[in-house]
Amino acid sequence: MSRHNFFYFAREGAYNMFSHGFMSFAAIGITVACLLIMGTFTLVAVNANAMLEDMESQNQMLAFVDKGLSEQEAKALAAELLAVENVSQVTFISNVEAAAAFRERYEDDELFQGLPDENFRHRYAIDLEDIGYMGKTKAALEAVPGIGPGNVSAYEDEAAGFITIRNVAGIVCAVLIAVLFVVSVFIIANTIKLTTFDRRDEIAIMKMVGATNGFIRWPFVYEGFLLGLFSAVIGFFLQWGLYEAVARSVASNDTINLITVVPFETMWTYVAMIFAVAGMVIGVGGSLSAIRKFLQV
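The structure presented is a predicted model; accordingly, all values stated were derived computationally and were not measured.

Asks: Describe the sheet that holds strand E2 (residues 87-93), and please don't skip the residues or the numbers.
Replies: Read from one edge to the other, the open sheet built from 4 strands follows the order E2-E3-E1-E4, with strand pairing classed as antiparallel. Two strands bound the open sheet, and with one partner strand each, they are E2 and strand E4 (152-153). With 2 bridges connecting them, strand E1 (residues 61-64) and E4 associate as antiparallel partners. Note that in E4 the partner of Ala 63 across the bridge is Val 152.

Asks: Now, about the environment of Met 61: what can you tell me, with residues and values included?
Replies: Among the structural elements, Met 61 can be located in strand E1. Among the residues examined, Met 61 registers a relative accessible area of 0% and is labelled buried. In the structure, Met 61 is positioned 70 residues away from Ile 131 in sequence and 10.0 Å away in space, judged by C-alpha atoms. If sequence neighbours within four positions are ignored, Met 61 has contacts with Tyr 124, Ala 125, Ile 126, Leu 128, Met 134, Lys 138, Leu 141, Val 152, Ser 153 and Ala 154.

Asks: Give a description of unusual backbone geometry that names residues and reports values.
Replies: The phi angle at Asn 86 is positive, at roughly 85 degrees, despite the residue not being glycine. Along the chain, the position of Asn 86 falls in the loop between helix H4 (78-82) and E2. Residue classification places Asn 86 among the buried residues on the basis of a relative accessible area of 11%.

Asks: Tell me about the environment of Ile 203, residues and numbers included.
Replies: Mapped onto the fold, Ile 203 is located in helix H9 (residues 200-208). On the basis of relative accessibility, which here comes to 2%, the residue Ile 203 falls in the buried class. The sequence separation of Ile 203 and Ile 216 amounts to 13 residues, and the corresponding C-alpha distance is 7.2 Å.

Asks: Could you give an account of the side chain of Ser 94, with specific residues and numbers?
Replies: Here Ser 94 lies in the loop between E2 and helix H5 (95-105). In this structure Ser 94 comes out as buried when scored by relative accessible area, which is 6%.

Asks: How would you explain a nonpolar patch on the surface if you had to name every residue and give the values?
Replies: A surface patch of nonpolar side chains, amounting to about 370 Å² of accessible area, comprises Ile 37, Phe 41, Val 168, Val 172 and Leu 176. Among the elements of the structure, helix H2 (21-57) and helix H8 (156-197) are those that each provide at least two residues to the nonpolar patch. By residue number, the principal contributor to the nonpolar patch is H8, which donates 3 residues. Along the chain, the position of Ile 37 falls in helix H2.

Asks: Describe the packing of aromatic side chains, listing the residues and the values that go with them.
Replies: The final tally for this structure, using the stated rule, is 8 aromatic pairs. Seen from their ring centres, Phe 236 and Trp 240 are 5.6 Å apart, and the 70 degrees between their planes marks the pair as edge-to-face. Of this pair, Phe 236 and Trp 240 both sit in helix H10 (residues 213-253), 4 residues apart, which is roughly one turn of the helix. Residue class for Phe 236 comes out buried when judged on its relative accessible area of 7%.

Cut-offs and rules
- Residues numbered from 1 in each chain as written.
- Predicted model: local features only at pLDDT ≥ 70, side-chain atom pairs only at ≥ 80, totals over all residues.
- Heavy atoms only, no water.
- Pairing = 2+ DSSP bridges.
- Helix = DSSP H or I, 4+ residues; strand = E, 2+ residues; numbered from the N terminus.
- Buried < 20%, exposed > 50% of the residue type's maximum accessible area, 1.4 Å probe, protein only.
- Contact = heavy atoms within 4.5 Å.
- Patch = residues over 30% accessible without salt bridge, like charges linked within 9 Å, V, L, I, M, F, W, Y side chains within 5 Å.
- Areas by Shrake-Rupley, 256 points an atom, 1.4 Å probe, with all protein chains shown as cover.
- Salt bridge = Lys/Arg side-chain N within 4 Å of Asp/Glu carboxyl O.
- Phe/Tyr/Trp six-rings, centres within 6.5 Å; stacked < 30°, edge-to-face > 60°.

Keep in mind that these numbers describe shape and distance, not what the molecule does.
Here you go:
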């Protein structure tokens, strides 16, 4: 495509968009609505995944040290435990610290307040890189001298539940976003088709005087591109405002901090790029789909 043709097609596409003001407004409005729905589902998925990751990080394992080892010997096991595959961090808890935490937890029960520190064992709180490999990691930790079989406490059922929830949520969100994307292209194609219908006679005349399909199609492609771009910009700022409003509402009502909202500032560049690409693909795809029928003259 020559530079002259590029500017001609771009000018024609912009003219067509502004000359059909109401239909262009309708196309942008529909595209913005579709982008907001897809963006909302995506951001919900991102926040749900962040919450699951936070819950996973709190799902620690406890490795109890053999009673025969002194505190110094127990502390020496840290390097060997940290070297186990899939272990990200180990925290030593002495029997004195474990006893104090136990008494604080059951401070209202006098039966547990008199237990001596010697009844408790030194232990390690162990964080994992991926809880999906908890079973293998547990076996590897039990093989460490000074720990031994049966001395590692792991909530494998809870970990499996977290993984299942994460996988199901990811699949559901991906399917919904894909369906919404297809529906968006279909809706925008039919909306642009209405504007194209007004120019069917013009397209037929251009075909009869020898204009190629490409020459006729390119202005519509640029028109769809501009519609998608404008929709992406408007949709992005509306999504930002909506997200911040919901985040503030959650923060003011969630007094016990059960819900974690990812700050929009940490992901706005990714959201902007996704909106831009999705908007332009929807606009161009809709235009190409709309013009195809009228080129068959």
